Amino acid sequence: MSGLDLLVAATLSAGTPLAIAGLGLLVNERVGVVNLGAEGIMLVAAVSGFATAVATHSEWLAFGAGALAGGLLSLVLGWLVIWLNTNQYATGLAVSIFGTGLSAFAGIPFVGRRLTTGGHHGIPWLRDLPFVGPALFRQHPMVYLTIALAALLGFALHRTRLGLVVRAVGESPASAHALGYPVRRIRLAAVVAGGALCGVAGAYLSVVYTPLWVEGMVSGRGWIALALTVFATWRPARILLGAYLFGGVTMLQLHLQASGVQVPPQFMAMLPYLSTVGVLVLISRNPLWIRLNMPASLGKPFTPGA
Amino acid sequence: MNLSPSKHAALAALLAAATLAGCSKKEAPPAAEPHAAAPAPAKTGEPLKAGFIYVGPVGDAGWTFAHDKGRREAEAKMGGKVVTTFVEKVPEGPDAERVLRDLVAQGNKLIFATSFGFMDAVTKVAKDNPDVKFEHATGYRTADNLRVYEAKFYEGAYLAGILAGQMTKSNVLGFVGSFPIPEVLRNINAFTLGAQSVNPKITTKVVWVSAWFDPPRETEAAQSLLDQGADVLLQNTDSSAVLQAAERAGKYAFGWDSDMSAVAPKAHLGSCALDWSGYYVKSFNDVLNGTWKPEVTKWGVKEGAVDLVKVASFAPAEARKKVDAARQGLKAGTLAVFTGPIVDNTGKEVLAKGVVADDAWKGAVNFYVKGVEGKVPAGK
Amino acid sequence: MIHLEARQSPSRLMGLLSPVLALALTVAIGAAIFFALGKDPGRALAVFLLEPFHGARALAELGLKATPLILCSLGLALCFRSNVWNIGAEGQFLFGAIAGGGLALWITTAGVPMSGPLFLPLLLVAGAAGGAAWAAVVALLRDRFHANEILVSLMLVYVANLFLSWLVFGPWKDPNGFNFPQTVQFASVTEVPRLFRGMRINAGFPLALVAAVAMWLFMSRTYRGMQLQVGGPAPLAARYAGFSSRAAIWTTLLVSGALAGVAGAVEVAGPMGQLTPHVSMGYGFTAIIVAFVGRLHPLGCILSSLLLSAFLIGGELAQTRVGLPSALAGVFQGVLLLSLLGCDVLVQHRLRWRSAP
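Criteria and thresholds
Every chain's residues receive numbers from 1 upward, in the order its sequence appears when written. Here the convention is simple: chains get letters from A, ligands get numbers from 1, in the order in which they are written. Totals for whole chains, interfaces and linings use all residues, but because this is a predicted model, local features are given only for residues with pLDDT of at least 70 and pairs of side-chain atoms are given and counted only at 80 or more. Water and hydrogen atoms were dropped before computing side-chain values, which therefore reflect all heavy atoms in the structure. Here a helix means four or more residues in a row that DSSP labels H or I, a strand means two or more in a row labelled E, and each is numbered from the N terminus. The buried label goes to any residue with under 20% of its type's maximum accessible area, the exposed label to any with over 50%, and the partly exposed label to all in between, with areas taken from a 1.4 Å probe on protein chains only. Note on contacts: a residue pair qualifies if any of its non-hydrogen atoms lie within 4.5 Å across the two residues. Exposure was quantified through the Shrake-Rupley algorithm and a 1.4 Å probe, taking into account, for residues, occlusion by the shown protein chains and nothing else. Only four residue types enter the charge count, namely Lys and Arg as positive and Asp and Glu as negative; His and the chain termini do not. Charge coordinates come from a single atom per side chain, which is NZ of Lys, CZ of Arg, CG of Asp or CD of Glu. By nonpolar core is meant a set of buried Ala, Val, Leu, Ile, Met, Phe, Trp, Tyr and Cys residues that side-chain atoms within 4.5 Å join together. Domain extents, as shown, originate in an automatic or database domain assignment. Buried area, as used here, totals the accessible surface that two parts lose on assembly, with accessibility defined by a 1.4 Å probe and the loss added over both. We define a salt bridge as a contact between a side-chain nitrogen of Lys or Arg and a carboxyl oxygen of Asp or Glu at a distance within 4 Å. Pairs of N or O atoms are called polar contacts if they sit within 3.5 Å, as long as, within protein, a hydrogen donor faces a hydrogen acceptor (for residues adjacent in sequence, only side-chain-to-side-chain pairs). Strands are labelled as partners when DSSP assigns at least two bridges between them. A fitted line through C-alpha atoms serves as each axis, taken over the contacting stretch for helices, and the angle formed by two N-to-C directions is quoted from 0 to 180°.

**Thoughts on the overall build of chain C**
Line of reasoning, step 1. Secondary structure summary: chain C contains 13 helices and 2 strands in total.
Line of reasoning, step 2. Classification of the 357 residues of chain C by burial places 62% in the buried group.
Line of reasoning, step 3. The contacts of chain C with a sequence gap of at least 6 include a subset with a gap of at least 24, amounting to 79%.
Line of reasoning, step 4. Accessible surface, chain C: about 13300 Å² in total, of which carbon and sulfur atoms supply 70%.
Line of reasoning, step 5. Charged side chains of chain C number 22 positive and 12 negative; the gap between the two group centres comes to 8 Å.

**A look at the nonpolar core**
Line of reasoning, step 1. In this structure, Phe254(B) and Phe284(B) are the most contacted members of the largest nonpolar core, which totals 330 residues.
Line of reasoning, step 2. Sorting elements by how many residues they give to this core places helix H9 (residues 183–209) of chain A first, with 16 residues.
Line of reasoning, step 3. For this core, the two domains that each supply at least three residues are domain 1 (45–151) and domain 2 (153–274 + 306–363) of chain B.
Line of reasoning, step 4. Contacts of Phe284(B), omitting those with residues within four sequence positions, involve Leu48(B), Ala50(B), Phe52(B), Ala74(B), Glu75(B), Met78(B), Val82(B), Thr84(B), Leu110(B) and Phe112(B).
Line of reasoning, step 5. Membership of the second largest hydrophobic core comes to 18 residues, among which are Val99(B), Val104(B), Phe118(B) and Ala121(B).

**Notes on the domain arrangement of chain B**
The accessible area lost on association of the parts is a frequent measure of interface size.
Residues and elements named next belong to chain B.
Line of reasoning, step 1. By domain assignment, chain B separates into domain 1 (45–151) and domain 2 (153–274 + 306–363).
Line of reasoning, step 2. In this assembly, 8 residues from domain 1 lie in contact with 8 residues from domain 2.
Line of reasoning, step 3. When the buried area of domain 1 at its contact with domain 2 is split by residue, Trp 63, Ala 66 and Ala 151 rank highest and sum to 55% of it.
Line of reasoning, step 4. Linking domain 1 to domain 2 there are 1 salt bridge.
Line of reasoning, step 5. Here Glu 150 makes a salt bridge to Arg 186, at a shortest N to O gap of 3.8 Å.
Line of reasoning, step 6. Here domain 1 and domain 2 share 2 residue pairs in polar contact (both at pLDDT 80 or more) between them.

**Regarding the sheet that holds strand S4 (residues 133–137) of chain B**
Residue and element names in this part refer to chain B.
Line of reasoning, step 1. If you walk across this open sheet you meet the 6 strands as S2-S1-S3-S4-S5-S11, and the pairing is parallel. Edge positions in the open sheet fall to strand S2 (82–87) and strand S11 (296–299), since each of these has one partner strand only. Looking at each pair of strands side by side, their axes are set apart by 20° on average, direction ignored.
Line of reasoning, step 2. In this structure, strand S5 (residues 146–151) lies alongside S11, joined through 4 bridges in parallel fashion. Looking across to S11, one finds that Val 148 is bridged to Val 296.
Line of reasoning, step 3. Strands strand S1 (48–53), S2, strand S3 (110–113) and S4 of the sheet are contacted by helix H3 (residues 94–105), whose axis makes an angle of about 170° with S1.

Right under this line is the structure:
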């Protein structure tokens, strides 16, 4: 198929924001906190990142601002669910509503403004190779960083002491507490770190992927990222897989439309969702896969000494 | 917008900390200022109260933004004789009826429902309030106190096509569509016909995103068109994402609904912009003068409601001249976009030679003209 | 340093007091926001918190808006209490709307002889069947293939939305509607009967109240109802094995799907009177938060549905009354919900002073 190289490139690019947010939410969920505020957090980060990019012309400062905004909003969420033991699902949704409104309001001066960041990216030498050059090596650096981050997270979670502690907190907060770990602080740190990653994803969307700010521009990507953590059975590498699957099918259906395939567009648009479900069904057929990875304390509060 | 961008950026970076919104004291835009403080209307001498309901936020830089801009400009031109109120982000469903009734209860005597999906609600509320005049954008139902207005957007798409046909190198144009309704199909066809009027080799590829607003998805659709060789894009969706995707790829595109030249100076060939202010002034005057009557108004380039604005200065003078000529033709009434012979992309003649399409024909467009690839989804 | 201490049993006093506290907190924060924006805090708060309840028409509108929320949140409360994480009530709502709307459409276009009292039960059955069928997909994939219901139910929301879009843009499109995406207007016999002349509130509202009471009785008075809730939070391993966990999955998903489906059908045959792409205002998602604010209690769901509806309507009113942009209405709604949830902590915990460790 002609244009396969471009399709691969578009897939990598489309999957990246989902992957970053998915990795962040994975960090949250690994310590037992479900963050349904992802959509609102990404929006607040998107406008923060965009505003920073407008002012400083720096993508990297924009990612930093996004991370900061995402981290701060997650701090609120974390404090409520970890210290006040509020219900995680409801609190997350409330944060989402709040963040959506806040970003819409704060973003008013930035609608229709132009970013002067950007330009051509890629890895020298490699980008000029036939096929693999355009397919793999002409991406924004964040695309490669995301892959590295997934590898790093996978390593950290399963091969380091820190990872062991994080997993212990998610699996059995009571035992972790008994061993003397400050369970709630570890949870809060993970929630903030995960929120910061969601923030980077939001800033990436508004600064690099779709360089514009307009109210509600994340358009449900936060929800997809949440679904990805489940899809990935809480493993970082599989987050990448899921994000590229979703992004790839999205791009494929658009490419098929552009090449004249005659299927109602609504059915084409269903494909990314259906294929995600389909693949989940395939990988879930062995329940052990999921059971072994789902953090046992997911969604549950922990009070030391209770 | 009283804050400088950099100052605002610093604030925005601390958004989450600023939840108490104390930072946001003066940054509400003019559009968000209240217009509702007017006292209850008295018999004479009081200004006319007019209400607007919008489907999107006034800051969407697209459809709702254009209506709101028209509202503000029209109100300013009326010099105090009209006071307007608006409600934004009204969902197109049962909620609209409640909002409309509330606007009536607030004493508005003229109410604009600015999206197609408000049709059912505005019909019901109009029936119950014969003393209030209602105007519905892009609908088709009229009553004694309900009339409809729309813009001949396809004339803008046609002008864009003329430019696109001359700027393309690949002779392949791309169109990012929302949903296959007649209005959008007309735009695809007009864009293609305009391009073919200057370049017969043109073909157009269409991708549907099944949404009016989803910027990342619009980006992806634009990318898929660019990947398949299209080098000038137009869209019927509500954000500037397509334009920015073209800018990044070094290709061309157009703004839609409003002037989007600022976001992509290298890619922007022009913006198919709507200007509703003229119609709103007319409507206000109709009510004030007692000459308001139910009718169907379709304004285009001639009336100044639609135009291709901010045509790129980097486009060759020759190309711009052809756009100007077509614009003059539309203004003078010597040019009509849909004039036969028009052949659909299966080779069937859909409009005979020399015939100018009437409203019924335009309202029933359910095909692609020759040169557009593919088939209209769910079309016959 | 303030320290939270778990109570032996939930405080009844605080159960009643915490919403009041939350309201006070919100009023304080809201007043600060409005003051900072240069709006009259008293007026703005009154618009938000009082006007949605002011007058018979306002109350009728409130009930209308709350109806789908009550129905959806009831099913979700059952699911969540049983540890089944159905977050796709929105999709089940849409399929109920498609089924109910399809029935009304068929009666309208085929000219089926029908009477109102006969139609309403048929509509409810169709809506329930549609919603339950869509939820059954979730249950099936969960039961047979262990596919996580959070992901499946969420993804099916998007699929349902696109399917509805296809129907109204394609086969169900009004042939005389100038190709706009909508069905014909349903025959008047299919309209859900209104309760009062000139007001939109309809039989759906009392129906939702009855459903809430029934759900409350089921949860608190029947063996199966209590078994579900006890079996629900059991260790994960137990949920994958025994019969009761399978039954819990099917029962809760089918019941909540059916309730959401009824909500969709009543919305379509009630205030809408036709199918369009804009059937739901995100009721299925809003219902998630409604269920939790109502503390997963069926009667609590009624109150929280009315409260959330009031917030939503208040946000509209604030635009015309005090010129508050809708974005800020969202901020205010978020703050309200967060303080409501935050204050709820006092039901299960008491505050103690303690010197820092």
